[in-house]
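Below are the chains, spelled out letter by letter.
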Amino acid sequence: MTAVRVPGTPVIEDGRLVSTSPATGAEAGRLPVATAEDVGRAVDRARAAGQWWAGLGFGGRRERLLRWRSLLARRIEEIAELVHVEGGKPVADAVVELVTAVEHVDWAARNAGRVLGPRRVRSRLVLAEFSAHLEYQPYGVVGVIGPWNYPVFTPIGSAAYALAAGNAVVLKPSEYTPVVGQWLVDTFAEVVPEQPVFTAVHGLGDVGAALCRSGVDKVAFTGSSATARKVMAACAESLTPVLLEAGGKDAMIVDADADLDAAAEACVWGALTNAGQTCIGIERVYAVEPVFDAFVGKVVERAGRLTVGPDDADIGPITMPSQVDVIRRHIDDALARGGRAVLGGADAVQPPYVRPTVLVDVPEDSAAVREETFGPTLTINRVRDADEAVARANALSYGLGGSVFGRRHAVAIARRLRSGMASVNSALTFAGMSTLPFGGVGDSGFGRIHGEDGLREFSRAKAITRRRARSLLPSTTFERTPADVARLVKAIKVMYGR
């Protein structure tokens, strides 16, 4: 008896990974599955290529990365359509993803030399006879394990910065979007044909595990918190450093003096874009009592206008079929425990689609509030004031991003959120800001991509001192005399003993 193939679920046939559309079941492509030995050989090839790549210097890498940026920009419709076909994402959402990805490639290429290049650092008086210098050197080979929800933007957030820093990159795309990942490395090879600086290996979770154990010099992972723990454990075997961007359960706070129309518009976008399949998506809202009812009404009105379907709709299918069960469980649990659906509800789940669902009065200990849903659902709960909102927002182990709407105290509230990022009077905007670091705390992981911190994340700091004069206070030598030590003690007391 032949098993029924669920559209969008990756399968392996004759040693090849078959990728299909979650909306239609149409085949997006087939790619060879890598064995552990294949992964090891890919890393070996990347190591040799990385030496050539590092030898190009910041100028040579900048020129090539900017050529890749231009290619991505010219062919944006092509890759947007591929993202749509393979993952089900609406083309308009895919275009937004690609615009931000292009921006990050551009910024990383243009700024790597300034951020990472050699520079002189001021010496201190005790070692004034030495000059101090600092530079950042590439790790060598960086393994990037990418997600399916943003199959271009998220891998590029690691890969482009790692490449700009002088590393070679081996990408393991999600098994749900391998064709998009292969397209990225193929287009890079068009502008850098000399060496396999950026390559891909394909397969299921065992291929990602093999990459962690392959001898790469660093691993950058994006995915669930549960898988992040497995990645970290595998890398710990060889003390391979890791960057983990894991799950989120981001909150929005709506204060009493917020512009409710702007807040509702941003909330609907932040919660429902990409069918809610966004690690920094707004999944919880805490609105203060005076504006709660009006805010909920505005959110419901906007969310109720959104269309759901396979082609030009606002919201596409759930990319990973098994996630539908999680979404259904969260909605059912919220309703069973006294929550109310003011839009959507249990009947909103119609695989592979889920219609927008807004839940209110949901208990704080329910799955819909405490667990990552990753679907087009939203809980909105009323609170007395901003203090209670902050306390509830910070009550979870996640700490990725967040949003605050208000006037007088919004920035102060944002600073109190236990998160790596926050937007004030907007939602998700920090992700597209190439000058800012991106990452979380707690169960949302650690390490940063994007911005100057992102470039340094893929580099080793190298400190160099150089003697420039005779030591007036010799200390780091066995040739020192008791008099030298006495002068050293006296100098320290004069400088720091007051």
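In what follows, the structure referred to is the one given above.
Residues numbered from 1 in each chain as written. Predicted model: local features only at pLDDT ≥ 70, side-chain atom pairs only at ≥ 80, totals over all residues. Heavy atoms only, no water.

Asks: Give a description of the packing of helix α1 (residues 36-55) against helix α2 (residues 57-74) that names residues and reports values.
Replies: Direction vectors running N to C along α1 and α2 enclose 105°, while the axes themselves pass 7 Å from each other. With respect to their mutual orientation, α1 and α2 come out roughly perpendicular. Here Trp52, Trp53, Ala54 and Gly55 of α1 come into contact with α2, specifically with Gly57, Arg61, Arg64 and Leu65. Here the residues of the contact of α1 with α2 are counted per class, giving 4 nonpolar, 2 polar and 2 charged. (Axes fitted to C-alpha atoms, helices over the stretch in contact; angles between N-to-C directions. Helix = DSSP H or I, 4+ residues; strand = E, 2+ residues; numbered from the N terminus. Parallel < 35°, antiparallel > 145°, perpendicular 65-115°, else oblique. Contact = heavy atoms within 4.5 Å. Nonpolar A, V, L, I, M, F, W, Y, C, P; charged D, E, K, R; others polar.)

Asks: Provide a residue-level description of the sheet that holds strand β5 (residues 130-138), including the pertinent values.
Replies: Read across the sheet, 3 strands follow the order β4-β5-β23 without closing on themselves; strand pairing throughout is antiparallel. Bordering the open sheet on either side are β4 (119-121) and β23 (459-467), each of which pairs with just one other strand. Adjacent strand axes in the sheet meet at a mean angle of 35°, parallel and antiparallel pairs treated alike. Taken together, the 9 bridges between β5 and β23 define a ladder with antiparallel strand orientation. Residue Tyr136 lies in a different strand from β23, and its bridge partner there is Ala461. (Pairing = 2+ DSSP bridges.)

Asks: Give a description of helix α5 (residues 153-164) that names residues and reports values.
Replies: The end-to-end C-alpha separation of α5 is 16 Å, in line with the 16 Å expected for 12 residues at 1.5 Å each. By the criterion of burial, α5 is predominantly enclosed, with 12 of the 12 residues buried. Those residues of α5 that fall on the buried side of the exposure criterion are Phe153, Thr154, Pro155, Ile156, Gly157, Ser158, Ala159, Ala160, Tyr161, Ala162, Leu163 and Ala164. (Expected span 1.5 Å × (residues − 1). Buried < 20%, exposed > 50% of the residue type's maximum accessible area, 1.4 Å probe, protein only.)

Asks: I'd like to hear about the packing of aromatic side chains, residue by residue, with values.
Replies: All told, the structure shown has 9 aromatic pairs when counted by the stated rule. Here the aromatic rings of Trp53 and Phe188 are separated by 5.9 Å at their centres, their planes lie at 70°, and the arrangement is edge-to-face. Of this pair, Trp53 sits in helix α1 while Phe188 sits in helix α6 (residues 178-191), and the two are 135 residues apart along the sequence. In terms of burial, Trp53 and Phe188 fall into one category: buried. Pairing Tyr150 with Phe153 gives two aromatic rings, centres 6.5 Å apart and planes at 75°, and the pair type is edge-to-face. Through a chain of ring-to-ring contacts, three or more aromatic side chains come together here, namely Trp52, Trp53, Trp68, Phe188 and Phe198. Its guanidinium or amino end placed over the ring of Phe58, Arg61 lies 4.8 Å from that ring's centre, counting from NZ or CZ. Sitting over the ring of Tyr150, Lys89 keeps its end group 3.9 Å from the ring centre. (Phe/Tyr/Trp six-rings, centres within 6.5 Å; stacked < 30°, edge-to-face > 60°. Lys NZ or Arg CZ within 6 Å of the ring centre and 35° of its normal.)

Asks: An account of the layout of surface pockets is requested, with residue identities and associated values reported.
Replies: The computed volume of the largest pocket comes to approximately 770 Å³. Around the largest pocket, the lining is made up of 33 residues, and of these Trp148, Phe221, Gly223, Ser224 and Thr227 lie nearest the centre. Breaking the lining of the largest pocket down by element, the ones donating at least two residues are α7 (205-212), β9 (218-222) and α8 (225-236). Among the elements that line the lining of the largest pocket, the one with the most residues is α8, at 5 residues. Class assignment of the residues belonging to the lining of the largest pocket gives a composition of 15 nonpolar, 13 polar and 5 charged. The calculated volume of the second largest pocket comes to roughly 350 Å³. In this structure, the second largest pocket is lined by 22 residues; those nearest its centre are Tyr150, Phe153, Ile280, Leu428 and Ala431. Looking at the lining of the second largest pocket, the elements with two or more residues in it are α4 (91-116), α5 and α15 (429-432). With 4 residues, the top contributor of residues to the lining of the second largest pocket is α4. (1 Å grid on protein atoms, 1.4 Å probe; cavity = no way out; pocket = protein on both sides within 12 Å on 5 of 7 lines; lining within 4 Å. Points joined across faces, edges and corners; volume = space filled by probe spheres on them.)

Asks: Can you break down the nonpolar core residue by residue, with the values?
Replies: The biggest cluster of nonpolar side chains holds 119 residues, and the ones touching the most others in it are Trp68, Phe198, Met252, Phe295 and Ile380. Among the elements that take part in this core, α4 stands out by supplying 11 residues, more than any other. Among all residues touching Trp68, those that are not within four sequence positions of it are Val105, Ile156, Leu184, Thr187, Phe188, Val191 and Phe198. Counting residues in each nonpolar core, the second largest holds 24 residues, with Ala46, Val141, Ala210 and Val216 among its members. (Core = buried A, V, L, I, M, F, W, Y, C linked by side-chain atoms within 4.5 Å.)

Asks: Describe in detail the state of the cysteines, supporting the description with residues and values.
Replies: Joining two cysteines, a disulfide is a covalent bond between their sulfur atoms. Applying the stated rule across the entire model yields 0 disulfides. Not engaged in a disulfide, the cysteine Cys235 finds its nearest cysteine sulfur in Cys212; these two sulfurs lie 3.9 Å apart. Owing to a relative accessible area of 1%, Cys235 belongs among the buried residues under this scheme. Cys279 carries a free sulfur, and the closest cysteine sulfur to it, the one in Cys267, is 17 Å from it. We classify Cys279 as buried; its relative accessible area is 13%. (Disulfide = S-S within 2.5 Å.)

Asks: Describe the pattern of salt bridges, naming the residues involved and giving the relevant values.
Replies: If charged atoms from side chains of opposite charge come close, those side chains can pair. Scanning all chains against the criterion turns up 35 salt bridges. A salt bridge links Glu237 to Arg213; the shortest N-O distance between them is 2.9 Å. With a gap of 24 residues between them, Glu237 in the loop between α8 and β10 (242-245) and Arg213 in the loop between α7 and β9 connect regions that are remote in the sequence. Residue Glu237 is classed as exposed on the basis of its relative accessible area of 56%. Each of Glu63, Arg64, Arg67 and Glu194 takes part in a single network of salt bridges with overlapping partners. (Salt bridge = Lys/Arg side-chain N within 4 Å of Asp/Glu carboxyl O.)

Asks: Let's hear about the sheet that holds strand β2 (residues 16-20): which residues, and what values?
Replies: The strands that make up a sheet pair up through hydrogen bonds in the backbone, lying either parallel or antiparallel. Sheet architecture is open: 3 strands sit in the order β1-β2-β3, paired in antiparallel fashion. In this open sheet, the two edge strands, each paired with only one partner strand, are β1 (11-13) and β3 (27-32). Direction aside, neighbouring strands of the sheet carry axes that sit 30° apart on average. Where β1 and β2 come together, 3 bridges link them in antiparallel fashion. Note that in β2 the partner of Glu13 across the bridge is Arg16. Sheet contacts for α6: β2 and β3; angle to β3, the most-contacted strand, approximately 65°.

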